[in-house]
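Chain by chain, the residues run as shown.
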Amino acid sequence: MRETNPHHPPAWIASARLKEVTGNVQVARNLIMKGTEMCPKSEDVWLEAARLLPGNTAKAVVAQAICHLLQSVPLEHVPNSVHLWKAAVELEEPEDARIMLSRAVECCPTSVELWLALARLETYENARKVLNKARENIPTDRHIWITAAKLEEANGNTQMVEKIVDRAITSLRANGVEINREQWIQDAEECDKAGSVVTCQAVTRAVIGIGIEEEDRKHTWMEDAESGGVTLSICHGDHYRQDRKESLETLLQRAVAHCPKAEVLWLMGAKSKWLAGDVPAARSILALAFQANPNSKEIWLAAVKLGSENNEYERARRLLAKARSSAPAARVLIL
């Protein structure tokens, strides 16, 4: 294949890999370097050469690749050019990497990954400028905004975090971006794992109700909290810290102590105990929930459901009788 079509990049890559897996690493290196001569505009060949060659040699190869591609076509028009820049940066010390990334974002101004990498290497003030430029070049990416919020939090400017997140929602919508609630909730969870708790809270508060009908909110929020625990951050405000070693039950106990009027938290606690097979504990939680929310039809209905689905029909009837007088909502009266 190499002989019949010497300018076909996959032939050189496949040949080099074949030699590599059979233990002929030096032959593989020689082949791939010959491939860079025959296919100087192939980013894949250059990347394979950088992978196969050792340390400083690989660095020189990447630099040579960038030069070739810059001379042949504008680098931002090479489909996977970001990979070359990343390969080059990974071979450099932080200061040299920062300089290289400054050049990279000029050549690939629509690469979010390169902008964020540059921001990570800059000082606080310069990182803010970098992120501002990134937003100018890529006004449709949420990660730049979230990184900006995390940057402010990391530098003690927690009062700026919610403003940035709210501005992000407004700006992205103005640029035609649909706010996908599930994606943002995942981002909030990632912020929480990274220790950016204030940003986690701000993101959660901003998107928690997006795309959900009023009557579906409690059910959806329960599912959110059970799957990731992020929704609980709303209730704890700036005092919220999620200890990953705590059980969901322990976390819920803390949550209802802070937010006794939040019906959804009581219901989550009862459901958790019920699913674990501890019906008496679930009943006790609902009893405490009654004290805090005596007129809540949701808590009455949960108690009735707990009784009826555990064959305690007489208890369920008594509860329904009380519920009709305490919380005479349509659903209760129908039951």
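Think of each chain on its own: its residues are numbered from 1, step by step along the sequence as written. Owing to the predicted nature of the model, reporting of local features is limited to residues with pLDDT of at least 70; listing and counting of side-chain atom pairs is limited to 80 or more, with chain, interface and lining totals taken over all residues. Only heavy atoms go into the side-chain values, all of them from the structure, while hydrogens and water stay out.

## Describing the environment of alanine 287
Thinking step 1. Labels follow the DSSP assignment, with helices taken as runs of H or I lasting at least four residues and strands as runs of E lasting at least two, numbered in each case from the N terminus. With respect to the helices and strands, the residue alanine 287 is situated in helix H17 (residues 279–292).
Thinking step 2. Separated by 16 residues in the primary sequence, alanine 287 and alanine 303 have C-alpha atoms spaced 8.6 Å apart.

## What to know about the environment of proline 109
Thinking step 1. Relative to the helices and strands, proline 109 resides in the loop between helix H6 (94–107) and helix H7 (112–121).
Thinking step 2. Residue proline 109 is classed as partly exposed on the basis of its relative accessible area of 23%.
Thinking step 3. Residues proline 109 and asparagine 137 lie 28 residues apart in sequence; the distance between their C-alpha atoms is 6.3 Å. Note on classification: 1.4 Å probe, protein chains only; a residue is buried when its accessible area is under 20% of the maximum for its type, exposed when over 50%, partly exposed between these limits.

## Quick notes on the confidence of the model for the chain
Thinking step 1. Across the chain, each position has a pLDDT score giving the predictor's confidence in that residue, from 0 to 100. Mean pLDDT over the chain: 80, with 79% of residues reaching 70 or higher.
Thinking step 2. Averaged pLDDT values for the elements of the chain fall to 43 in helix H20 (residues 330–334) and rise to 96 in helix H9 (residues 142–154).
Thinking step 3. Should any heavy atoms of two residues lie within 4.5 Å, those residues are counted as being in contact. Note on residues 73–79: pLDDT under 50 across the span, and 11 contacts to partners over four residues away in sequence or across chains.
Thinking step 4. Contacts of residues 235–246 to residues separated by more than four positions or lying in other chains number 25 contacts, the stretch itself having pLDDT below 50.

## Quick look at the environment of leucine 131
Thinking step 1. By secondary structure assignment, the location of leucine 131 is in helix H8 (residues 124–137).
Thinking step 2. Separated by 16 residues in sequence, leucine 131 and threonine 147 have C-alpha atoms that sit 8.1 Å apart.
Thinking step 3. Beyond its immediate sequence surroundings of up to four residues, leucine 131 is in contact with Leu116, Ala119, Ile144, Thr147, Ala148 and Leu151.

## Here we look at the packing of aromatic side chains
Thinking step 1. Only Phe, Tyr and Trp rings take part, Trp by its six-membered ring, and two of them pair if their centres are within 6.5 Å. Stacked means planes under 30 degrees apart, edge-to-face means over 60, and tilted covers everything else. With the rule as written, the count across this model stands at zero aromatic pairs.
Thinking step 2. Above the plane of the ring of tryptophan 12 lies arginine 2, whose end atom (NZ or CZ) is 5.4 Å from the centre.
Thinking step 3. Seen from the ring of tryptophan 145, arginine 135 lies directly overhead, with NZ or CZ sitting 4.3 Å from the centre. Lysine and arginine charges are scored as sitting over a ring when NZ or CZ, respectively, is within 6 Å of the ring centre and within 35 degrees of the ring normal.

## Quick look at helix H2 (residues 25–38)
Thinking step 1. In this analysis, the expected span of each helix is defined as 1.5 Å times one less than the number of residues it contains. Between the first and last C-alpha of H2 there are 20 Å, a value that for 14 residues agrees with the 20 Å anticipated at 1.5 Å per step.
Thinking step 2. For H2, the complete set of buried residues consists of Ala28, Leu31, Ile32, Gly35 and Thr36. The buried residues of H2 occupy one face: seen down the axis, they fall within an arc of 145°.
Thinking step 3. Along its buried surface, H2 packs onto helix H1 (9–21) and helix H3 (43–52). Starting at the helix axis, one direction is taken to each C-beta atom, and the arc is that of these directions.

## A closer look at the packing of H17 against helix H18 (residues 297–308)
Thinking step 1. For the pair H17 and H18, the least separation of the axes is 10 Å and the interaxial angle reads 160°. Taken together, the axis directions place H17 and H18 in an arrangement best described as roughly antiparallel. At the point where H17 passes H18, the crossing takes the left-handed sense. For the pair formed by H17 and H18, the contact residues are Val279, Ala282, Arg283, Leu286, Ala289 and Phe290 on the first element and Ile299, Trp300, Ala302, Ala303 and Leu306 on the second. To obtain an axis, a line is fitted to C-alpha atoms, over the contacting stretch when the element is a helix, and the angle between two such axes runs from 0 to 180 degrees between their N-to-C directions. Geometric relationships in this document are graded by angle, where less than 35 degrees denotes roughly parallel, more than 145 denotes roughly antiparallel, 65 to 115 denotes roughly perpendicular, and other angles denote oblique. Should the near helix be turned anticlockwise from the far one by less than a right angle, the crossing is left-handed, and should it be turned clockwise, the crossing is right-handed.

## Notes on the state of the cysteines
Thinking step 1. The rule for a disulfide is simple: a pair of cysteine sulfur atoms within 2.5 Å. Within the structure shown, the criterion is met by zero disulfides.
Thinking step 2. The thiol of cysteine 191 is not disulfide-bonded; the next cysteine sulfur, from cysteine 200, is found 6.6 Å away.
Thinking step 3. With a relative accessible area of 2%, cysteine 191 lands in the buried category.

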